[in-house]
Every structure is written in structure tokens, then in C-alpha cells.
Amino acid sequence: MGLHDVKDKLIAIVGAENYEDSKVSRLVYSYDATPDMQALPDAVLSPRNTKEVSEIVKLCNEHKIPIVPRGSGSNLCGGTCPIEGGVVLLFKHMNQILELDEENLTVTVQPGAITLDIINTVEAKGLFYPPDPSSMKISTIGGNINENSGGLRGLKYGVTRDYVLALEVVLPNGDIVRTGGKLAKDVAGYDLTRLYVGSEGTLGVITEATLKLVPKPETKKVMLAHYQDLEAAARTVSSIIAHKIIPATLEFLDQPTLKVVEDFAQIGLPTDVQAVLLIEQDGPPEVVARDMQKMAELCKAEQAVFVQVAETDAEAEALMTARRAALSACARLKPTTILEDATVPRSEIARMVRGINKIAEKYQLNICTFGHAGDGNLHPTVPTDARDHEEMERVEEAFAEIFELAIDLGGTITGEHGVGVMKAPYLEWKLGKEGIGVMKAIKQGLDPNNIMNPGKVFAKETRKRVVVSR
Ligand SMILES: Cc1cc2nc3c(=O)[nH]c(=O)nc-3n(C[C@H](O)[C@H](O)[C@H](O)COP(=O)(O)OP(=O)(O)OC[C@H]3O[C@@H](n4cnc5c(N)ncnc54)[C@H](O)[C@@H]3O)c2cc1C
């Protein structure tokens, strides 16, 4: 039985205006921000509330129709590409900030709320929601929760996972459960909230979330340290942490990235140095001043050729915005941009950067590397052209080798972008057969008909390792 058999029932649930199956609508939702990946859904539904979501899911489960929940489609792992058809669920009607609780320091939101709207709403009350993916102007909180997204402030404040206190979830059989609460402590049973964070739409539909807030830092300062030696920049990252300073942001940009970002943002970034570290500290003014001075000394001790402190808030914001634009800036170079997010323990950053450069040379690719150095989370990025099959093969081989290097250094295949379709063939490298077995048992237990975002996370075939031993 296919979708045409239940079309009338779905329309009865959401209303004709919230059911789209024209060729145009299906094409619009056939792809996401992931390059070179497209598949048509059968229909696109926009439920108005949890009850409607539950009824849709129940019906789809009965008829084994795939469901792909979709926020803004900004994920980079093919997570919202409907590779097995079925229905795409949009949350454009479920995008409200429902409650800001200043006594419990929480905000309760619907899944379609835009991340930056949440951040701005709570900041207006002197509160702070730290997770700040560079896509925050467009990403939804439902997407952030399902990818466990990180951002520039991850080093000091953690990632989305660290701020999700409670969820309302529609299970794959249509039942509705509530996990967690506005609680600082809660050990009642398995931590279902954490199970759902990062589940990439494969275990159910999140219809509401309560997020933890913290007081907004009183002040912040930004500086840029310039290096002629990549490894000196990487060593500085370890040195700062070893001196027991945890900056809010500690980002790395190499020269190829600096050139494209400066060309795009035109804010006077240095393009004649090998790399920069972009460092932000926040907190009480005296702590910020002390940490900034100490970090400047540490940068110079590790051979920074110049340390530049942003004089004004506007200058500081311009630097942070330029960093956030790195992917968009790289995307201007060639028709296809492939960005990855292999992650290593921060002590291995220097070796990882060196390894990426060697791999770029081996496969004759131009790789721009930037990322959250303080988190060991790098984004090697290749501007390429999907129509050039020979180069695309080299890109694939190079990334397989980069993932392998990350695993060998004690790291992981993805730090914040998720597995989706793109990283599924590599997941076993990180988790082993037994780890995949545990995940499959959870998936099978909750979603025996495999209707929730099928084809994601679990690969049909594991990729062979490139270099068996290093
Ligand atoms: C320019 C750019 C910069 C980026 N920068 C960052 C960054 O700094 N850090 C970072 O971590 N990521 C970053 N990303 C990746 C991406 O923006 C994040 O993964 C983001 O969280 C996705 O949000 P979204 O609303 O677009 O979700 P989508 O892409 O629509 O969905 C993501 C996943 O969540 C699932 N999903 C969405 N809503 C629900 C729901 N209500 N219930 C169940 N499942 C759901 C989907 O099925 C999918 O698996 C960037 C992407 C771009 C294009």
C-alpha cells in the first residue's frame, strides 16, 4: 500500500492547505544543504500541532510509509534527503517560543523555532542560550537537537546536548512521551532525553523542547593571533588550555580559508600569514581582561607574529561573523563544496592539521581547513565540481583517509554534523560492530517498521579502511 491510498486521510488530518504533492513542492524538498544528493518525497506535510503529528505518524506506521522530519534542511550529511520517498514533515506552523521561565532559567520551544530567534529572545532578558551553530540564522532548534549541533562557543559552554532538559516526542507508533523536566537533577530511569538528542530523526519526531539557560556574560573581548607556522598555532591551543584558561571561542583558520573569507567579508583579515587563531573570552570584565592578557602572552610565546585585539564591539562582531561565513565563502569558489568535520582530542590538533595537508598533497586537492580548534573539531573543506568525476573520486578517497586519521588519533568521524547518509559507511570505524549492534537494537525496538528517516545513520555496507595501519 502506498501514499496514494492514505492521501485523503492525511489531508483530513492536516487540511488541504498543509498537504503538498505537486512536482514543484516535491522538488523543493528533494535535497538539503548536502552536495550532490537528491531524492523526491511523495508528499510534504505541515502539521499544526502535536496531535496532528501523532495522527500522521500512526497512519504512516500502519502503512509503512517513510517519514522525514525536516527543519531548515541546513544539515550537511544528507539527513533530510528523502532517499526512500515517503512524507517530509515541516514545522513551519510549530515554530513558537512557548515560555521563558526566569525562575527555573528555561525556555520552552516548538521544533520549528529558529535558533537565533531563541538566542535573541533570551538575551533580551539578560539570559544566555550558548549553542551557536554558524547556521543559527536559519537553523531550527528541532534540527539542532537532532544533530546535537555545536558552535563557536562549544569549548567553554558545550553543545546542544548540554542544554536540552526535556522533550516531547512522538514515537514511531504515534504515542506521545515526555522526557526529563525543568530539573537540575533527574535520574529516574534511562536518560531518554539524551537518547533523542543527536538521533537524526530516526527514533521519532520532537514536538517540543525545554532548554536550559544561563546568565548572559557581562562582557566579552575578541582577539586574532597571526602565525607563519601552522603547528605553532595548533600548539597554542594546547598551551592555552594547559594554562587552565577556557576561552569561549578558540577557532583556527588556515591561509586558504583566510583568503576566501577576506575576499567575501572584506574586513581586513590577514592573508599573508599561514594561519590565525580567533579567540573570544567572556565573563566579568576583570576576568576577561586578565585572560586576554595571559592568552596574548601565550600566543606570542608560541611564535604568533602578531596579536590584534578588537577595539570595539563592532570589530569583534565582524571577526566572529567572518568566521561564521567561512563555509559560505568557500562555496563561492567552485560549484560544489564538500565540508567535513572530523574531530580529534585537542592535544592532537597539530598532528591532524599536518595530516590533512599531506593528504591534500597526495590527492592533489585544494583543502581549506578551519574549525573549532579548542574542541579538536576541524572542517577540512574542498571546493570542487560534482561534474568532474575523476576529481570527486579523489575527494572521496581523501576524506576517507582523513576520517581514518582522525580515528587513529583517538577522534571521531563527525564532531557536530551528524552521520546521515554521508557518514553512515564509516560509522562502524568509530563504534565497532558491537556498538552498531546496540544502536540497531534501539532502532528496532522503537521503530520496528523502520519508518523514521530510513536509510540514515545505518549503512547498507561499511567502507573498507584506506590505510590499514599507519
Ligand atoms: C553554512 C552552514 C553552517 C553550519 N554551521 C554549523 C555549525 O557551526 N555547527 C553545527 O553543528 N552545524 C552546522 N551546520 C549544519 C546544520 O546547520 C546543523 O546540523 C543544524 O542543526 C541543522 O538544522 P536544520 O533546522 O537545518 O535541520 P535539518 O537539516 O532540517 O535536519 C537535521 C536533522 O534533524 C532531523 N529533524 C529536524 N527536525 C526534527 C524534529 N522536529 N524531530 C525529529 N527530527 C528532526 C532531520 O530529520 C535531520 O536528520 C551548518 C550548515 C551550514 C549550511
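Everything below is about the structure printed above this text.
What counts and what doesn't
Residues numbered from 1 in each chain as written. Predicted model: local features only at pLDDT ≥ 70, side-chain atom pairs only at ≥ 80, totals over all residues. Heavy atoms only, no water. Disulfide = S-S within 2.5 Å. Buried < 20%, exposed > 50% of the residue type's maximum accessible area, 1.4 Å probe, protein only. Core = buried A, V, L, I, M, F, W, Y, C linked by side-chain atoms within 4.5 Å. Helix = DSSP H or I, 4+ residues; strand = E, 2+ residues; numbered from the N terminus. Contact = heavy atoms within 4.5 Å. Near = heavy atom within 4 Å. Polar contact = N/O pair within 3.5 Å; in protein donor to acceptor, adjacent residues only side chain to side chain. Nonpolar A, V, L, I, M, F, W, Y, C, P; charged D, E, K, R; others polar. Phe/Tyr/Trp six-rings, centres within 6.5 Å; stacked < 30°, edge-to-face > 60°. Lys NZ or Arg CZ within 6 Å of the ring centre and 35° of its normal. 1 Å grid on protein atoms, 1.4 Å probe; cavity = no way out; pocket = protein on both sides within 12 Å on 5 of 7 lines; lining within 4 Å. Points joined across faces, edges and corners; volume = space filled by probe spheres on them.

Taken as a whole, this structure holds 0 disulfides when the rule is applied. Cysteine Cys77 remains unbridged, with the sulfur of Cys81 as its closest cysteine sulfur at 11 Å. Taking relative accessible area as the criterion, Cys77 reaches 0% and is therefore assigned buried. Among the cysteines around Cys368, which has no disulfide bond, Cys330 carries the closest sulfur, lying 4.0 Å off. Judged by relative accessible area, Cys368 falls into the buried class, the value being 1%.

Let's shift gears to the nonpolar core. The biggest cluster of nonpolar side chains holds 61 residues, and the ones touching the most others in it are Tyr227, Leu250, Phe252, Leu277, Ile279, Met352 and Ile402. Looking at this core, the element that brings in the most residues is helix 14 (residues 389-408), giving 10 residues. Sequence-distant contacts of Ile402, defined by excluding residues within four places in its chain, comprise Ala342, Met352, Ile356, Ile359, Ile367 and Pro380. With 27 residues, the next largest nonpolar core counts Ala113, Ile141, Leu203 and Leu211 among its residues.

Time to look at the site of the ligand. Not every one of the 33 residues close to the ligand is listed here, only the nearest: Pro69, Ser74, Ser135, Thr140 and Ser149. Contacts to the ligand include Ser72, whose backbone N or O atom sits 2.9 Å from an oxygen atom. A distance of 3.5 Å separates an oxygen atom of the ligand from a polar backbone atom of Gly143. Those elements that place two or more of their residues in the shell around the ligand are strand 3 (67-70), helix 5 (141-147) and strand 10 (205-212). It is helix 5 that provides the largest number of residues to the shell around the ligand, a total of 5 residues. When its residues are assigned to classes, the shell around the ligand shows 8 nonpolar, 21 polar and 4 charged.

For the coordinates displayed, the defined rule picks out 5 aromatic pairs. Ring centres of Phe128 and Tyr157 lie 5.3 Å apart, and the angle between their planes is 80 degrees; this geometry places the pair in the edge-to-face category. Remark: Tyr157 occurs in helix 6 (residues 154-157) and Phe128 occurs in strand 7 (residues 127-128); sequence separation between them is 29 residues. Note on Phe128: relative accessible area 4%, which makes it buried. These aromatic residues form a ring-pair network of at least three members: Phe399, Phe403, Tyr426 and Trp429. Sitting over the ring of Tyr163, Lys212 keeps its end group 5.4 Å from the ring centre. We note Arg465 situated over the ring of Trp429; from NZ or CZ to the ring centre the distance is 5.6 Å.

Turning to empty space enclosed by the protein, a few remarks are in order. Inspection of every chain in the model, using the stated rule, returns 1 cavity of 30 Å³ or more. For the largest cavity, the calculated volume is near 40 Å³. Lining the largest cavity, in full, are Leu224, Leu253, Leu258, Leu269, Val276, Leu278, Leu319, Ala322 and Arg323. Elements with a minimum of two residues in the lining of the largest cavity: strand 14 (275-283) and helix 11 (313-324). With 3 residues, the single largest contributor to the lining of the largest cavity is helix 11. Among the residues making up the lining of the largest cavity, the classes are represented as 8 nonpolar, no polar and 1 charged.

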